[in-house]
Amino acid sequence: MGDNKMTRSLSTLAVELFDAGAVRLGDIEAKLGRHTPIYFDLRVIVSHPRMMNAVSQELLNLASNIEHDILCGVPYAALPFATVMSVTGNTPMIMKRKETKLYATKKIIEGVYNRHQKCLVVEDVVTSGGSLLETVSTLRNEGLSVDHAVVVLDREQGGASVLMANGVNVHALFTMTDLVTMLRNADRINDETVEIVSDHIKECQFGLKEPLQRINGADNGP
Ligand SMILES: O=c1ccn([C@@H]2O[C@H](COP(=O)(O)O)[C@@H](O)[C@H]2O)c(=O)[nH]1
């Protein structure tokens, strides 16, 4: 697919996601009482199978350039995408639990895998990189090799650099700049909103100076 055609299809997808309510604007309270003027809520997509398929197909296109044996979605929002990618691309998938199962199998990862397999992680949004890093850390502890992640949105708040410093290359369908530009071009948002979002992204950065516990722990950003 040519670059222009690909950009056109991503722009259409961005507008469809906005129209489906996946982009929330205003003074939104995020994790730990932090505030953000924009929140990308991809959880709505389970009610829109055609869009779920379109986003998963775009992620599969990104994944086609990355060598991998197995897929793993970051719980919970990315699980539907990883599942559709697994079925469509006929690639096995594993599921990381939020907490280790306390009875019977006592597993943290469900599904069949072998040590040293290359695992491609699937995530919906990267802000600080904390959620993705937590999943990568669990997978690496199980002996899997994790060098890449495909994500729907990189909010450009430093998470991708944090992940890169931890050996994970982030491949994003949209950056926040792409997303707001596409929505502005389609008249879904105005110039003022573009400016507010762009100021927020500049002011609210997570980086390598953050204590690792904060990035990799419970404090996972907006
Ligand atoms: O607009 C957003 C921002 C974040 N999320 C959820 O949070 C994590 C990503 O944040 P990190 O700080 O990188 O851990 C991600 O799993 C999202 O589910 C969101 O949905 N929308």
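Residues numbered from 1 in each chain as written. Predicted model: local features only at pLDDT ≥ 70, side-chain atom pairs only at ≥ 80, totals over all residues. Heavy atoms only, no water.

(A) Representation of helix 4 (residues 130-141) in the model. Here helix 4 contains 12 residues, and its C-alpha end-to-end distance of 16 Å stays within 8% of the 16 Å for a straight helix at 1.5 Å per residue. Turning to helix 4, its buried residues are G130, L132, L133, T135, V136, T138 and L139. Where helix 4 ends, the next residue or the one after it, G143, has phi of about 95°, a positive value. (Helix = DSSP H or I, 4+ residues; strand = E, 2+ residues; numbered from the N terminus. Expected span 1.5 Å × (residues − 1). Buried < 20%, exposed > 50% of the residue type's maximum accessible area, 1.4 Å probe, protein only.)

(B) Region of interest: helix 7 (residues 191-203). Relative to the 18 Å expected for 13 residues at 1.5 Å per residue, helix 7 spans 18 Å between its end C-alpha atoms, a close match to the ideal helical length. Regarding helix 7, the residues found buried are T193, V197, H200 and I201. Taken down its axis, helix 7 places every buried residue within 100° of arc, on the same side. Those residues of helix 7 that are exposed and aimed more than 90 degrees away from the buried face are D191, E192, E195, K202 and E203. The elements touched by buried residues of helix 7 are strand 1 (23-29), strand 2 (35-40) and helix 6 (176-185). (Arc of directions from axis to C-beta. Contact = heavy atoms within 4.5 Å.)

(C) Spatial organisation of the side chain of S56. Summarising the element assignment, S56 is placed in helix 2 (residues 49-63). A distance of 2.7 Å separates a polar atom in the side chain of S56 from the backbone oxygen of M52. Filtering out sequence-adjacent residues up to four positions away, S56 remains in contact with F81, V84 and M85. (Polar contact = N/O pair within 3.5 Å; in protein donor to acceptor, adjacent residues only side chain to side chain.)

(D) Examining the pattern of salt bridges more closely. Across all of its chains, the model carries seven salt bridges by this definition. Here D187 ties to R184 by a salt bridge, and the two come within 3.1 Å at their closest N and O atoms. By relative accessible area, R184 is classed as partly exposed at 25%. Across the salt bridge formed by D191 and R184, the nearest N and O atoms sit 2.6 Å from each other. (Salt bridge = Lys/Arg side-chain N within 4 Å of Asp/Glu carboxyl O.)

(E) Spotlight on the side chain of Q117. Structurally, Q117 is set in the loop between strand 5 (109-110) and strand 6 (118-126). In terms of polar contacts, Q117 uses its side chain to reach the backbone amide nitrogen of N114, at 3.0 Å. Setting aside residues no more than four positions away along its own chain, Q117 makes contact with D69, I70, L144 and S145.

(F) The arrangement of the sheet that holds strand 7 (residues 145-154) in detail. Judged by pairing direction, the sheet is mixed, and its six strands sit side by side in the order 5-4-3-6-7-8 without closing on themselves. Either end of the sheet is taken by a strand with one partner, and the two such strands are strand 5 and strand 8 (169-175). The sheet contact formed by strand 3 (residues 70-73) and strand 4 (residues 93-96) spans three bridges and is parallel. Bridge pairing in strand 4 places L71 opposite M93. Across the face of the sheet, helix 2 comes into contact with strand 6, strand 7 and strand 8 while running at roughly 140° to strand 7. Against the sheet, helix 4 contacts strand 3, strand 4, strand 5, strand 6 and strand 7, and its axis sits at roughly 165° relative to strand 6. (Pairing = 2+ DSSP bridges. Axes fitted to C-alpha atoms, helices over the stretch in contact; angles between N-to-C directions.)

(G) Highlighting the nonpolar core. By size, the foremost hydrophobic cluster in this structure holds 41 residues, and its most contacted members are L17 and F40. When neighbours within four sequence positions are excluded, F40 is seen to be in contact with L17, A22, V23, V125, V152, L153, R155 and L179. In this structure, I109, L133, V146 and L163 belong to the second largest nonpolar core, which totals 20 residues. (Core = buried A, V, L, I, M, F, W, Y, C linked by side-chain atoms within 4.5 Å.)

(H) Summary view of the environment of Q57. Its location among the elements puts Q57 in helix 2. We classify Q57 as partly exposed; its relative accessible area is 37%.

(I) Representation of the pairing of strand 4 within the structure. Residues of strand 4 alternate between two faces, with I94 and K96 buried on one and M93 and M95 left unburied on the opposite face. For the crossover that starts at strand 3, traverses helix 3 (residues 79-89) and ends in the parallel strand 4, the hand is right-handed. The pairing of strand 4 with strand 5 spans two bridges and is antiparallel. When the sheet's bridge partners are listed, K96 is paired in strand 5 with I109. (Right-handed = clockwise from strand over helix to strand, strands pointing away.)

(J) The packing of helix 6 against helix 7, seen in detail. Interhelical geometry of helix 6 versus helix 7 gives an angle of 175° and a closest axis separation of 10 Å. Judged by the inter-axis angle, helix 6 sits roughly antiparallel to helix 7. For the pair helix 6 and helix 7, the contacting residues are M176, V180 and R184 in the first and D191, V194, V197 and I201 in the second. In terms of residue class, the contact of helix 6 with helix 7 is built from five nonpolar, no polar and two charged. (Parallel < 35°, antiparallel > 145°, perpendicular 65-115°, else oblique. Nonpolar A, V, L, I, M, F, W, Y, C, P; charged D, E, K, R; others polar.)

Remember that the coordinates give geometry; whether it matters functionally is a separate question.
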